[in-house]
2 protein chains.
Amino acid sequence: MAKTLKKYNYAVIATDIVILTIIKQKLQVLLIKMKKVPYSNNFWAAPGGLVKPDESVDNAAKRQLAQKTGVKNIYLEQLYTFGDVNRDPFGRVVSVAYFALIPSDNVNLKTTKDYGDVQWFPMDSLPKLAYDHKKIIEKANNRLQKKLEYSNIAYSLLPKEFTLTQLQRSYEIILKRRLDKRNFRKKIFSVNLLKKTNKIQRGSANRPAALYEFSKKTAQMVSIL
Amino acid sequence: MAKTLKKYNYAVIATDIVILTIIKQKLQVLLIKMKKVPYSNNFWAAPGGLVKPDESVDNAAKRQLAQKTGVKNIYLEQLYTFGDVNRDPFGRVVSVAYFALIPSDNVNLKTTKDYGDVQWFPMDSLPKLAYDHKKIIEKANNRLQKKLEYSNIAYSLLPKEFTLTQLQRSYEIILKRRLDKRNFRKKIFSVNLLKKTNKIQRGSANRPAALYEFSKKTAQMVSIL
DNA sequence: ACAAAAGTGTTATAAGTACACCCATGG
DNA sequence: CCATGGGTGTACTTATAACACTTTTGT
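Heads up: these notes are all about the structure in this document. Fair warning: this is a prediction, and the values are worked out from it, not measured in the lab.

### What about the overall build of chain A?
Inference 1: If you tally the helices and strands in chain A, you get five helices and ten strands.
Inference 2: A compact globule built from 225 residues should have a C-alpha radius of gyration of about 17 Å, and chain A, at 19 Å, falls within 12% of that.
Inference 3: Expressed as lengths along the three principal axes of its C-alpha atoms, the size of chain A is roughly 65 × 35 × 30 Å.
Inference 4: Here chain A displays about 11,400 Å² of accessible surface, and carbon together with sulfur accounts for 49% of that area.
Inference 5: Charged side chains of chain A number 41 positive and 18 negative; the gap between the two group centres comes to 4 Å.

Below is the structure:
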């Protein structure tokens, strides 16, 4: 990626993907350890790479996402394009950043086992980041927080079936504030997004919780909070 | 722009700017007549051009905006990046689209006089558009409508001093629906965005209107409608 | 029987919506 | 004096916010 860029007269395009999920009651970001100078190996970066001449930018993002996670049917949306001249020390690269949400339960299976240098980091204790990836990740975090309030994207963070408390926790973790249980349920039901399964979650030393699923698993604009 | 691109192995970057204003009670878009094949001269496009290797994408957008309008201090925000493989018949060009808002009163002075092939078109009767610019302009229109409801960007469409009715009309024109005068004023005042000047607008055959100005002329997130 | 999370309504406050008349001016 | 847009308040409806106890399970 690095040296080859010098010969271009114009900027070239890359994508970077901020992959988010919830693990251990924390919002986490998938990062890859940097190897190239000038970034010592204490630096990490969101996965990304150049857009090929025969693929759309969206497809480049999908390709890189699939490579890194192995998971399919992931929520992916364009975030913002970062085009400062010196954002990449290896050359003039403009990055179209995306953000992706993957369900908590799919997570432990893939990724971290193949590469020792791919790792989840909690959003609130990120390592040193290469390029302008700090800015990119912050923007992804903001977008996620806003979008949670006016859309149903939470579906892409949860397993197929889940309890109302799990759903509420996801909101609380991302928004960083506690929500009232009764008001939360009232609101969620009023927007008709959930379908009650007839299953319940047993096994914990308390009253079992009803399991729900999303009735629509495509992005919908609905005001939730 | 055209032939030179073939030699690049990767996509190159351009910006396109959707410049919007209100003229004659209509939301209008600034377009430039196309000359190059395969677009006959019935095709128009939003102004744009390649990003130079030594300028940021934001600066490229500002530069092109200044060239086309001659106006300074214009509201400009990144809209979305369009990266389909075949969006540009001249080569593999990824476009970072921006949208700009310019005040109604600055408008008549510049632009249209210098170039016969630069022209304002009402949003609701656009000509044939080159590239994917129809999609881009639609996206700009959507963004503007949404943003009007949760921010103060209206300031960038109005002259320094304006009447409440002028402000309300701007909202109505962009949102394509009538608003209640009293409720509109109540809301606008409640968010503390306006400052009453001690001037009034005379000259029309009716009671003169008080002139207001925005107290903050930078983008603010406030829920207005 | 106890600990732990599930589940469930009501009241108060704030925000949004609908609606009609008088006022000040220029011609 | 009349046509035109400017300016103002109230009642109703809907949404949001605060708040506590009973239920069901596993150990």
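### So, the protein's contact with DNA strand D
Inference 1: Residues in contact with DNA strand D amount to 22 residues; listed here are only the nearest, Arg207 of chain A together with Lys181, Asn206, Arg207 and Ala210 of chain B.
Inference 2: Within 4 Å of the protein, the contacting atoms of DNA strand D are 43% sugar and phosphate, with bases supplying the remainder.
Inference 3: At a separation of 3.2 Å, a base oxygen of DNA strand D approaches a polar side-chain atom of lysine 186 of chain B.
Inference 4: Within the backbone of proline 208 of chain B, a nitrogen or oxygen atom sits 3.4 Å from a sugar or linking oxygen of DNA strand D.
Inference 5: Those elements that provide at least two residues to the surface near DNA strand D are helix 5 (181-190) of chain A together with helix 4 (181-190) and strand 10 (209-214) of chain B.

### Remarks on the pattern of salt bridges
Residues and elements named next belong to chain A.
Inference 1: Enumeration according to the criterion identifies 28 salt bridges over all chains in this entry.
Inference 2: Among the ionic pairs, lysine 35 bridges to aspartate 117, the shortest N-O distance being 3.3 Å. In this pair, lysine 35 sits in the loop between strand 2 (26-33) and strand 3 (43-45) while aspartate 117 sits in the loop between helix 2 (104-107) and strand 7 (118-122), placing the two residues 82 residues apart along the sequence.
Inference 3: Judged by its relative accessible area of 68%, lysine 35 is exposed.
Inference 4: Since its relative accessible area comes to 18%, aspartate 117 is described here as buried.
Inference 5: Two residues, arginine 178 and glutamate 172, come together in a salt bridge whose shortest N-O distance is 3.3 Å.
Inference 6: Taking the relative accessible area as the measure of exposure, glutamate 172 reaches 7% and is therefore buried.
Inference 7: Taken together, the shared-partner salt bridges connect Asp16, Arg87 and Asp132 into one network.

### Quick notes on the interface of chain B and chain A
Inference 1: Between chain B and chain A, the contact holds 24 residues from the first and 24 residues from the second.
Inference 2: Interface area for chain B against chain A, summed over the two sides, is near 2,200 Å², with a carbon-plus-sulfur share of 60%.
Inference 3: Where chain B packs against chain A, one counts zero salt bridges.
Inference 4: Elements that contribute at least two residues to the side of chain B that touches chain A include exactly strand 1 (12-23), strand 5 (75-82) and strand 6 (93-101) of chain B.
Inference 5: The element best represented in the side of chain B that touches chain A is strand 5 of chain B, accounting for three residues.
Inference 6: Counted by class, the side of chain B that touches chain A contains 13 nonpolar, five polar and six charged residues.

### Considerations on the relation of the copies chain B and chain A
Inference 1: After a rotation of 180° and a shift along the axis of 0.0 Å, chain B superposes on chain A with an RMSD of 0.1 Å. Here the symmetry operator amounts to a two-fold rotation axis. In terms of C-alpha distance to the rotation axis, chain B has valine 12 of chain B as its closest residue, with the C-alpha 2.5 Å off the axis.
Inference 2: Most of the interface of chain B is mirrored in chain A: 100% of its interface residues are interface residues there too.

What counts and what doesn't
- Position numbers for residues start from 1 in each chain and track the written sequence from start to end.
- Whichever chain is written first is A, and whichever ligand is written first is 1; the rest continue in order.
- Per-residue local features of the predicted model are confined to residues with pLDDT of at least 70, and side-chain atom pairs are confined, for both listing and counting, to 80 or more; whole-chain, interface and lining totals are unaffected and use all residues.
- The side-chain numbers reported here are obtained from all heavy atoms of the structure, hydrogens and water having been left aside.
- What counts as a helix is a DSSP run of H or I of at least four residues, what counts as a strand is a run of E of at least two, and both are numbered from the N terminus.
- The reference for a compact globule is 2.2 Å times residues^0.38; the radius of gyration itself is calculated from the C-alpha atoms.
- Only the protein chains shown count as cover for residues, and the accessible areas themselves come from Shrake-Rupley with a 1.4 Å probe.
- Charge counting follows a simple rule: Lys and Arg are positive, Asp and Glu are negative, and His as well as the terminal groups are ignored.
- Taken as the charge centre is NZ of Lys, CZ of Arg, CG of Asp or CD of Glu, depending on the residue.
- A molecule or strand has a residue near it when one of that residue's heavy atoms lies within 4 Å.
- Here a polar contact is taken to be a pair of N or O atoms separated by no more than 3.5 Å, where protein atoms must pair a possible hydrogen donor with a possible acceptor and residues adjacent in sequence count only if both atoms sit in side chains.
- A carboxyl oxygen of Asp or Glu within 4 Å of a side-chain nitrogen of Lys or Arg is what we treat as a salt bridge.
- Relative accessibility decides the category of a residue: with a 1.4 Å probe and only protein chains considered, values under 20% of the type maximum give buried, values over 50% give exposed, and everything between is partly exposed.
- It only takes one pair of heavy atoms within 4.5 Å for two residues to be counted as in contact.
- Values labelled buried area give the accessible surface lost by two parts on being combined, using a 1.4 Å probe and summing over both.
- Only Asp, Glu, Lys and Arg are considered charged in this grouping, and only Ala, Val, Leu, Ile, Met, Phe, Trp, Tyr, Cys and Pro are considered nonpolar; every other residue, Gly among them, is considered polar.
- Superposing the copies works by least squares over the C-alpha atoms of residues that have pLDDT at least 70 in both of them.

Note that all results are geometric; they support no functional claim without further evidence.
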